[in-house]
Amino acid sequence: MLSTSMVDAAARIKNAGRLVVLTGAGASKESGIPTFRDALTGLWANYNPEELATPEGFLRNPPLVWQWYDWRRQQLQEVQPNKGHYAIVELEGLIDHVAVITQNVDGLHQRAGSKDVVELHGSIERFSCFDHRHLKDPMQKIEFGLTEPPLCSYDNCRSKMRPDVIWFGEALPEEALSRGFVECEKADVILVVGTSGIVQPAASLPFAGKRRGAFLIEVNPEETALTDGCDLFLKGPGGEVLPALIEAVKNLEP
Ligand code: APR
């Protein structure tokens with residue numbers, strides 16, 4: 001027996017012309033990806049985010065930061081998208097316009113098959129140079145296991161390469177952020193999955209949408225900073241709630 005919130009959410013989604021799915025670390029949890037802080041274990045337990053994920057940390061110790069991201073990139077080789085990612089892909093078959101806006105840097109939405117993914121915090125699988133952000137051609141892979149960052153091969157640049165992610169204290173990529181706002185402002189429904197809603201500016205996106213009339217549905221095992229402002233809260237892990245929601249959409253009368 002489906003809960004009334006689930007039926008309500010399904011009806012809203014079915015009638016939506018434009019849908020945004022905003023995701024955070026929780027959306028990758030069932031793939032076995034540790035959150036940034038959870039990953040600070042074992043060899044990395046003595047480090048903190050300021051050392052590993054800030055421009056100042058990189059300048060202080062480029063090999064350390066390189067090796068940390070190298071390790072996290074290797075972990076990604078061993079994981080797969082989960083049922084929640086695939087349910088989000090299925091939405092594309094049910095609704096005219098679906099945009100996925102993610103704070104995750106793991107590329108799992110794309111690997112699952114989502115076509116339109118806006119990466120607010122960059123990607124751990126892309127690289128750019130520290131000084132000029134010259135982007136490394138994605139077809140030219142950087143091998144695992146380097147102990148220090150390779151140098152930029154663009155012209156005579158030779159600046160150190162870094163992961164093309166947004167570190168603490170850095171601005172979000174303007175294009176991704178403005179795309180995020182435009183999508184949310186035009187959306188009929190925004191599905192917020194697996195984010196604690198405390199990191200700005202991503203946390204303000206759903207409410208920018210709501211001010212323009214979007215209906216907000218949150219999926220999370222725990223209440224968050226966003227829950228009170230959402231129209232519906234579907235409690236539970238994304239890998240269970242999202243497939244059930246898709247089924248409910250499909251089973252609604254035309
Ligand atoms: N399904 C859905 N949500 C889940 C699941 C799950 N299986 N498991 C946990 N969650 C929820 C948690 O309850 C929490 O609300 O996912 C959320 C994860 O919160 P954060 O770790 O704060 O992740 P996020 O909101 O993405 O953080 C934003 O902060 O660490 C930086 O740059 C990093 O992009 C990240 C940003």
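Being a predicted model, the structure only gives us computed values, none of them experimental.

Engineer: Before we go on, may I ask you to explain the packing of helix α6 (residues 83–91) against helix α10 (residues 238–251) in this structure?
Structural biologist: Packed helix pairs are specified by the crossing angle of their axes together with the interaxial distance, meaning the distance between the axes. The contact between α6 and α10 brings their axes to 7 Å, and the two run at 25 degrees. Considering the angle they form, α6 stands roughly parallel to α10. Remark: the crossing between α6 and α10 carries left-handed chirality. Of the residues in α10, those touching α6 at Lys-83, Gly-84, Ala-87, Ile-88, Glu-90 and Leu-91 are Gly-238, Gly-239, Leu-242, Pro-243, Ile-246 and Lys-250. Partitioning the contact of α6 with α10 into residue classes produces six nonpolar, three polar and three charged.

Engineer: Any chance you could explain the packing of aromatic side chains here in plain terms?
Structural biologist: The geometry of two aromatic rings is summed up by the distance between their centres and the angle between their planes. In this structure the tally under the stated criterion is nine aromatic pairs. Pairing Trp-44 with Tyr-47 gives two aromatic rings, centres 5.6 Å apart and planes at 50 degrees, and the pair type is tilted. With a centroid separation of 6.1 Å and 35 degrees between ring planes, the pair formed by Trp-44 and Trp-71 is classed as tilted. Taken as a pair, Trp-44 in the loop between α2 (26–29) and α3 (49–52) and Trp-71 in helix α5 (residues 62–77) lie far apart in primary sequence, 27 residues in all. The residue whose ring lies beneath Arg-12 is Phe-215, and the NZ or CZ to ring-centre distance is 3.9 Å. The cationic tip of Arg-162 hangs over the ring face of Trp-167; the distance from NZ or CZ to the ring centre is 3.7 Å.

Engineer: Explain the site of the ligand here, please?
Structural biologist: In the neighbourhood of the ligand, 18 residues make up the surrounding shell, with Ala-25, Glu-30, Thr-195, Ser-196 and Asn-220 lying closest. Between the ligand and Gly-238, the relevant distance is 2.9 Å, taken from a nitrogen atom to a main-chain nitrogen or oxygen of the residue. A total of 730 Å² of accessible area belongs to the ligand in isolation, and the protein chains cover 77% of it. For the shell around the ligand, a count of residues per class yields four nonpolar, 11 polar and three charged.

Engineer: Would you mind going over the pairing of strand β2 (residues 97–102) with me for this structure?
Structural biologist: Two faces make up the sheet, and in a regular strand the side chains alternate between them. Counting buried residues along β2, five of its six residues qualify, which places the element largely inside the surrounding structure. Bridge count between strand β1 (residues 18–23) and β2: six bridges; the pairing is parallel. The residue bridging Val-21 from the neighbouring strand is Val-100, located in β2. Summarising the sheet, β2 and strand β3 (residues 117–119) pair through three bridges and their orientation is parallel. Bridged to Val-100 within β3 is Val-117.

What counts and how
- Residues numbered from 1 in each chain as written.
- Predicted model: local features only at pLDDT ≥ 70, side-chain atom pairs only at ≥ 80, totals over all residues.
- Heavy atoms only, no water.
- Axes fitted to C-alpha atoms, helices over the stretch in contact; angles between N-to-C directions.
- Helix = DSSP H or I, 4+ residues; strand = E, 2+ residues; numbered from the N terminus.
- Parallel < 35°, antiparallel > 145°, perpendicular 65-115°, else oblique.
- Left-handed = near helix turned anticlockwise from the far one by under 90°.
- Contact = heavy atoms within 4.5 Å.
- Nonpolar A, V, L, I, M, F, W, Y, C, P; charged D, E, K, R; others polar.
- Phe/Tyr/Trp six-rings, centres within 6.5 Å; stacked < 30°, edge-to-face > 60°.
- Lys NZ or Arg CZ within 6 Å of the ring centre and 35° of its normal.
- Near = heavy atom within 4 Å.
- Polar contact = N/O pair within 3.5 Å; in protein donor to acceptor, adjacent residues only side chain to side chain.
- Areas by Shrake-Rupley, 256 points an atom, 1.4 Å probe, with all protein chains shown as cover.
- Buried < 20%, exposed > 50% of the residue type's maximum accessible area, 1.4 Å probe, protein only.
- Pairing = 2+ DSSP bridges.

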